[in-house]
Amino acid sequence: MAKGTTEMEVGSDGVAVIYVVNPPVNALSIDVWYSLKRHYEEALQREDVKAIVLTGSGRSFSAGLDVSVFADIHKPEQLKDHCILIEAMTDIFEDAGKPSVAAIDGPALGGGLEISMVCQARISTSNAQLGLTELQFGVIPGFGGTQRLPRLVGLTKALEMMMLSKPIKAEEAHELGLVDAVVSPNDLLNDARRWALDICESKRPWVRALYKTDKLESPEVAREILNSARVQSRKQAANLQHPLVCIDAVEEGIVSGPRAGLRKEAMAFQELFFSGTCKSLIHVFFSQRATSKVKNKEKNIVLVPEKMSCI
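Position numbers for residues start from 1 in each chain and track the written sequence from start to end. In view of the model being predicted, local features appear only for residues whose pLDDT reaches at least 70, and side-chain atom pairs are presented and counted only at 80 or more, with totals across whole chains, interfaces and linings using the full set of residues. To obtain the side-chain values, all non-hydrogen atoms of the structure were included, while hydrogens and water were left out.

This is how the line gets drawn: UniProt positions are given in the numbering used here, feature names are shortened, and annotations may be inferred rather than shown by experiment.
Under Sequence similarities (unreviewed entry), UniProt gives the following word-for-word description of the protein chain: "Belongs to the enoyl-CoA hydratase/isomerase family."

Structure (structure tokens):
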């Protein structure tokens, strides 16, 4: 049985809206990724489609990669195949001849934020929460987050968001440049459609986050910021290596270019996925979740932290 899917509808304006459908928080399962790829390729091939809007069903964009993936993948070869698929898909998103705009309501976390950063623009509601939360599970962002986030918000803020696994609200995201506009929930889809058409008609810039440089500091300043982050990481978690690996991936992109950074990120993510630290933190997560279920059942409360079952 499929764990989630995507749906697509094409309007008379020539905009294809692709919905991630995996309630309650539209987690990015492997099935969702494959379905998203199929719909995106269809949208690119259709002559009646000028532009694409990516959004989530209900009141959630996507809370990230489904944590159950960690239980389903047992061999490095399996993970590598899935990562190759996702990398190819993000390349298509970013370099396609038709613009994409992410319409974000609710959480855009982990892989959810990463896929939105591949789009040429992001429009959100004031309810949006945006962050890269992977480090709390013993891995690093694996779908381009270490490269695109610094180029959108600057190195210092990007490191803070990743190191602390700390989401930010829509207003701050807008001030930083991570979000291009904040609109009401009722206007979200229409405004995103219009924005996508404006890009298509050259009324708004066609932005590829991976190649932005205006938010990046000079190499000398960047080196100081990265070294300071390493010192802080060693102080706060001396026995954990994955925060340092994350910083190394960010640095690779600044020193050797974003494509080199993506390669380093991908290799590091795949290695950390099977690490003892990752397994331990995932085990702690599921144990805490099971305990929460039991306690809430005893109190006759139906409350399960589904939102945090993603990275």
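Don't stop here, the text continues.
1. Details of the overall build of the protein chain
What counts, and what does not: Runs of H or I in DSSP of at least four residues are treated as helices and runs of E of at least two as strands, each being numbered from the N terminus. The globule rule is 2.2 Å times the number of residues to the power 0.38, and the radius of gyration it is compared with is taken over C-alpha atoms. Throughout this description, buried means an accessible area under 20% of the type-specific maximum (1.4 Å probe, protein chains only), exposed means over 50%, and partly exposed covers the range between. Contacts were defined at the residue level, with two residues in contact if any of their heavy atoms lie within 4.5 Å.
Helices and strands together make up the secondary structure of the protein chain, namely 12 helices and nine strands. By the compact-globule yardstick of 19 Å for 311 residues, the protein chain fits well, its C-alpha radius of gyration being 19 Å. Considering only C-alpha atoms, the protein chain reaches an extent of 55 × 55 × 40 Å along its principal axes. The buried share of the protein chain, taken over its 311 residues, is 53%. Restricting the contact set of the protein chain to residue pairs at least 6 apart, pairs at least 24 apart contribute 74%.

2. A closer look at the pairing of strand E6 (residues 121–125)
How we decide: We call two strands paired when DSSP finds no fewer than two bridges between them.
Counting buried residues along E6, five of its five residues qualify, which places the element largely inside the surrounding structure. Of the two faces of E6, the one holding Ala-121, Ile-123 and Thr-125 and the one holding Arg-122 and Ser-124 are both buried throughout. Taken together, the four bridges between strand E4 (residues 100–104) and E6 define a ladder with parallel strand orientation. From the neighbouring strand, Ala-103 faces E6, where its bridge partner is Ile-123. Two elements, E6 and strand E9 (residues 181–183), share three bridges in a ladder whose sense is parallel. When the bridges of E9 are listed, Ile-123 appears paired with Ala-181.

3. Thoughts on the pattern of salt bridges
Rule in force here: Salt bridges are counted wherever a side-chain nitrogen of Lys or Arg sits within 4 Å of a carboxyl oxygen of Asp or Glu.
All told, the structure shown has 18 salt bridges when counted by the stated rule. Between Arg-259 and Asp-91 there is a salt bridge whose closest N-O contact spans 3.1 Å. Of this pair, Arg-259 sits in helix H11 (residues 258–273) while Asp-91 sits in helix H3 (residues 76–95), placing them 168 residues apart in sequence. Residue Arg-148 is joined to Glu-94 by a salt bridge in which the shortest nitrogen-to-oxygen separation is 2.7 Å.

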